[in-house]
Amino acid sequence: MSEQTVQIKTAGKILQSPCGPIIHGLEDVLIKSTSISDIDGEKGILWYRGYRIEDLARHSTYEEVAYLILYGKLPNKKELEDFTNRLKTYRDLNSATIEIIKNLSKAHPMFAIESAVAAEGAFDEDNLKLAEALKVGRYKAEEKELAYRVAEKLIAKMPTIVAYHYRFSRGLDIIRPRRDLSHAANFLYMMFGKDPDPLATKGIELYLILHADHEVPASTFTAHVVASTLSDMYSAVAAAVAALKGPLHGGANEMAVRGYLEIGDPSKAKEVVEAATKPGGPKLMGVGHRVYKAYDPRAKIFKEFSREYVTKFGDPKKIFAVASAIEQEILNHPYFQQRRLFPNVDFWSGIAFYYMGIPYEYFTPIFAVSRVVGWVAHILEYWENNRIFRPRACYVGPHDLQYIPIEQR
Ligand SMILES: CC(=O)SCCNC(=O)CCNC(=O)[C@H](O)C(C)(C)COP(=O)(O)OP(=O)(O)OC[C@H]1O[C@@H](n2cnc3c(N)ncnc32)[C@H](O)[C@@H]1OP(=O)(O)O
Ligand SMILES: O=C([O-])CC(=O)C(=O)O
């Protein structure tokens, strides 16, 4: 956390209780030291391992960024090649996991991902061996090597889980991963069954790079809580997926585009934004952030990418036009100015994807395909100095009530 961020006050977010102050939603509570990512919420800057995301988005591949986040440094050519090859060998899933995904083909993909990640963990011998070692308090060099391998497997398998769900949901045969393709290109190939076009691959690559880590949002915190009990790494990631699914977190990207489609015309933006300012009114999805009190730097990049895309291929459903009109209203509205609410990463990220033919219910799953690296890197970092998460609650109910048998109630 940078100095600027520390300055943010939690005024109004502290609840009084008979036991003392409650930091509602753990706002600004520090849970650990980290060297993985940093956010300057006042200036709108995000770094992965010290590198600005704008530089990584311009120059890197997802594999390079994943290596950076996991291992703490940019890889040299040999390290990147070895890492990429290892990921390629881990892409396949157990047949029982594939069956689970198939059985959940009619459910929202996030349910299937939660289940498939947890299931796959039960079949990964390395994961089980690691969990057994952790149980007896062993986490030495050998176990750490195992832990990094498990982490790499989770990164490698997530695109396969999502692509298989997409295929099953459309009644199509699944397409096995191809080893000659990059992480992003193979993902698109497994979804759509053809060599992906360069612009779509670039879009996915950008999406994967920009979502890779973000300090400790709800999903990453969830992963910490589960990992801190020394449960296994797949279970911690399955729990993180569950947290990501919510519309206040990763689920907002789907909700934002669904909202633009429903609104349908930029002329309605004023009315929609006004409604969101009323007490009890619907929140605008993709707007506001716990840490950014400035424009989210990832949103800026996605906005430009979406603009380029619609300039080239058009905006037939007017979703870019609607989003632009909503943004204008927000930026000029005292309600949003006073609360320092700006578009966040989810505001723009789905627009080009939607036009590329990716259904909106797969936006959050693709977020998980990217963020899995952040989750596992944070778990590994926390296990270096593990302590179970166990906060307290202030009990405000009665004590010592007299038990009344059911017949007398
Ligand atoms: C990848 C990500 O997870 S990015 C976040 C994705 N989530 C969304 O886009 C959902 C919409 N946004 C929100 O719900 C929130 O802004 C969150 C969840 C992101 C952050 O929540 P918090 O830090 O708890 O902010 P909080 O809810 O206290 O909001 C502060 C004030 O702004 C208002 N506000 C916050 N977001 C919005 C919004 N999107 N629309 C309208 N008002 C909003 C709140 O009502 C509150 O007003 P008040 O002070 O009058 O009560
Ligand atoms: O940091 C947060 O609370 C949410 C977020 O933007 C992310 O996880 O990318």
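Nothing here was measured: the structure is a model prediction, and the numbers come from that model.

(A) Region of interest: the overall build of the chain. Regarding its fold elements, the chain presents 20 helices and 5 strands. Computed over C-alpha atoms, the radius of gyration of the chain comes to 22 Å, within 12% of the 22 Å expected from 2.2 N^0.38 for 409 residues, which places it in the range of a compact globule. With respect to the three principal axes, the spread of C-alpha positions in the chain is 60 × 60 × 55 Å. The long-range share in the chain, meaning contacts at least 24 apart out of those at least 6 apart in sequence, stands at 75%. When the accessible area of the chain is evaluated, it comes to approximately 19,400 Å², of which 54% is carbon and sulfur surface. Averaging the positions of the 52 positive and the 50 negative side-chain charges in the chain gives two centres separated by 2 Å.

(B) Looking closely at the site of ligand 2. Taken together, the neighbourhood of ligand 2 is formed by His214, Pro217, His249, His289, Arg298, Phe367 and Arg371. Within the side chain of His289, one N or O atom sits 2.7 Å away from an oxygen atom of ligand 2. Note that an oxygen atom of ligand 2 is positioned 2.7 Å from one of the side-chain N or O atoms of Arg298. Protein coverage of the free-state accessible area of ligand 2, which is 260 Å², stands at 85%. Tallied by class, the residues present in the shell around ligand 2 amount to 2 nonpolar, 3 polar and 2 charged.

(C) Focus on the site of ligand 1. Taken together, 22 residues surround ligand 1, and among them His249, Leu284, Gly286, Val287 and Arg290 come closest. Within the backbone of Leu248, an N or O atom sits 2.9 Å from a nitrogen atom of ligand 1. Between Lys283 and ligand 1, the recorded distance is 2.8 Å, taken from a side-chain N or O atom to an oxygen atom. Listing elements by their share of the shell around ligand 1, those giving two or more residues are α17 (334-339) and α18 (345-348). Counted by class, the shell around ligand 1 contains 11 nonpolar, 6 polar and 5 charged residues.

(D) Highlighting the packing of aromatic side chains. What the rule picks out here adds up to 19 aromatic pairs. Measuring from centroid to centroid gives 5.9 Å for Tyr139 and Trp383, while their planes differ by 75°, and the two rings are edge-to-face. Remark: Trp383 occurs in helix α20 (residues 363-383) and Tyr139 occurs in the loop between α7 (125-135) and α8 (141-169); sequence separation between them is 244 residues. For the pair Tyr139 and Trp383, a shared accessibility class is recorded, and that class is buried. Relative to Phe347, the ring of Tyr260 has its centre 5.6 Å away and its plane inclined at 65°; by these criteria the two rings are edge-to-face. Pair noted here: Tyr260 is in helix α13 (residues 252-263) and Phe347 is in helix α18, with a separation of 87 residues, a long-range link. Like Tyr260, the residue Phe347 is buried in the burial classification. Ring pairs connect the aromatic residues Tyr67, Tyr71, Phe83 and Tyr148, which therefore count as one cluster. For the cation-ring pair, Lys153 lies above Tyr90, with the distance from its terminal atom to the ring centre recorded as 5.8 Å. Residue placement shows Lys245 over the ring face of Phe111; its charged tip is 4.4 Å from the ring centre.

(E) Structural detail: the nonpolar core. Met233, Val237, Tyr260 and Ile326 are the most contacted members of the largest nonpolar core, which totals 114 residues. Among the elements that take part in this core, α8 stands out by supplying 14 residues, more than any other. Taken domain by domain, this core gets at least three of its residues from each of domain 1 (76-248 + 364-383) and domain 2 (252-355). In contact with Met233, not counting residues within four places along its chain, are Asn127, Leu130, Ala147, Val150, Ala151, Leu154, Val376, Ile379, Leu380 and Trp383.

(F) Molecular detail of the pairing of strand β2 (residues 20-23). Alignment of strand β1 (residues 14-17) against β2, held across 4 bridges, turns out to be antiparallel. Residue Leu15 lies in a different strand from β2, and its bridge partner there is Ile22. Hairpin connection between β1 and β2: a loop of 2 residues separates the two successive antiparallel strands.

(G) Inspection of the state of the cysteines at higher detail. For the structure shown, the criterion picks out 1 disulfide. Cys19 shares a disulfide with Cys394; S-S distance 1.9 Å. Residues Cys19 and Cys394 share a disulfide whose torsion about the S-S bond is about 80°; that sign makes it right-handed. Placement of Cys19 in the loop between β1 and β2 and of Cys394 in the segment after α20 is noted, with a sequence separation of 375 residues between them. The class for Cys19 is exposed, based on a relative accessible area of 57%.

What counts as what
- Residues numbered from 1 in each chain as written.
- Chains lettered and ligands numbered in written order.
- Predicted model: local features only at pLDDT ≥ 70, side-chain atom pairs only at ≥ 80, totals over all residues.
- Heavy atoms only, no water.
- Helix = DSSP H or I, 4+ residues; strand = E, 2+ residues; numbered from the N terminus.
- Rg over C-alpha atoms; globule rule 2.2 N^0.38 Å.
- Contact = heavy atoms within 4.5 Å.
- Areas by Shrake-Rupley, 256 points an atom, 1.4 Å probe, with all protein chains shown as cover.
- Lys, Arg positive; Asp, Glu negative; His and termini not counted.
- Charge placed at Lys NZ, Arg CZ, Asp CG, Glu CD.
- Near = heavy atom within 4 Å.
- Polar contact = N/O pair within 3.5 Å; in protein donor to acceptor, adjacent residues only side chain to side chain.
- Nonpolar A, V, L, I, M, F, W, Y, C, P; charged D, E, K, R; others polar.
- Phe/Tyr/Trp six-rings, centres within 6.5 Å; stacked < 30°, edge-to-face > 60°.
- Buried < 20%, exposed > 50% of the residue type's maximum accessible area, 1.4 Å probe, protein only.
- Lys NZ or Arg CZ within 6 Å of the ring centre and 35° of its normal.
- Core = buried A, V, L, I, M, F, W, Y, C linked by side-chain atoms within 4.5 Å.
- Domains from an automatic or database assignment.
- Pairing = 2+ DSSP bridges.
- Disulfide = S-S within 2.5 Å.

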